[in-house]
Amino acid sequence: MSSLPMYASESAKAASASESRYRITVPIAPARNARVIALDTRAASVARRISDGPWANARFYTCEAAPDRGPADEFLLYRLDGVPAALDDMLRDTDVVVIMATDDSGGTRAAAIGSACSARAITTAGVVLGDGFEADDAVAALRPHARVLLLSADESDAFELLRALRV
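The rules behind these values
- Residues numbered from 1 in each chain as written.
- Predicted model: local features only at pLDDT ≥ 70, side-chain atom pairs only at ≥ 80, totals over all residues.
- Heavy atoms only, no water.
- Pairing = 2+ DSSP bridges.
- Helix = DSSP H or I, 4+ residues; strand = E, 2+ residues; numbered from the N terminus.
- Right-handed = clockwise from strand over helix to strand, strands pointing away.
- Core = buried A, V, L, I, M, F, W, Y, C linked by side-chain atoms within 4.5 Å.
- Buried < 20%, exposed > 50% of the residue type's maximum accessible area, 1.4 Å probe, protein only.
- Contact = heavy atoms within 4.5 Å.
- Arc of directions from axis to C-beta.
- Polar contact = N/O pair within 3.5 Å; in protein donor to acceptor, adjacent residues only side chain to side chain.

K.L.:
Can you explain the pairing of strand β2 (residues 59-65)? Please cite residues and give values.
P.N.:
Judged from the 4 bridges that link them, strand β1 (residues 34-38) and β2 form a sheet pairing that is parallel. The residue of β2 that forms the bridge with V36 is F60. Remark: the β1/helix α2 (residues 41-50)/β2 crossover connection has right-handed handedness. With 5 bridges connecting them, β2 and strand β3 (residues 75-79) associate as antiparallel partners. Considered in β3, the bridge of T62 is made with Y78.

Structure, rendered in structure tokens:
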């Protein structure tokens, strides 16, 4: 017989010692192959700082405009160690892509990456860091593709978003 009063809430019952046998006591294992893409120089600095976090399967990239190569949506991706990466290869077996920006310089690239993710049904999140309206075009480019769009002046919010996405 329970020692809880008859009027105990469901929450109180769930927190009781007799119900503790049903609690999950191990951390939830990350189930995502995440890719974090920094679109500009300041975003790349943030990505480098947070890349040492407790990430299981996350890989971090920078994205640069392709010099002397046709349309503005052509770009080059690099892992943080400088190794080039092709977008198609990077997106293979990827569950979530987080696109980071601090200004408008990568707006066209954000739209191209977001569109590629949408075509592959890859969850996309956008993190726009900065004060004011330095990245209005980046926000507009990400909005149609990002299920989560975080605008913040605090780079620790980017870290927390990655943690919430279990990357």
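K.L.:
Summarise the nonpolar core; cite the residues concerned and give the values.
P.N.:
Ranked by size, the top nonpolar core spans 23 residues in total, and within it I37, L39, L87, L91, V97 and I113 carry the most contacts. Mapped onto this core, the elements with two or more residues apiece are β2, β3, α3 (87-91), β5 (96-101), α4 (107-119) and α5 (136-142). Apart from the residues within four sequence positions on either side, L39 is in contact with C63, I99, M100, A101, S105, G106, R109, A110 and I113. In terms of nonpolar packing, the next biggest core, distinct from the first, is built from 22 residues, A58, A158, L161 and V167 among them.

K.L.:
Hey, could you go over α2 for me, with residue numbers and the actual values?
P.N.:
Of the positions making up α2, those classed as buried are A43, A44, V46, A47 and I50. Within α2, the buried residues cover an arc of 160° as seen down the axis, which keeps them to one side. The inward-facing, buried residues of α2 abut β1, β2, β5, β6 (123-129) and α6 (156-164). The N-terminus of α2 is capped by D40, whose side-chain oxygen sits 3.3 Å from the backbone nitrogen of R42.

The values are spatial; any link to function lies outside them.
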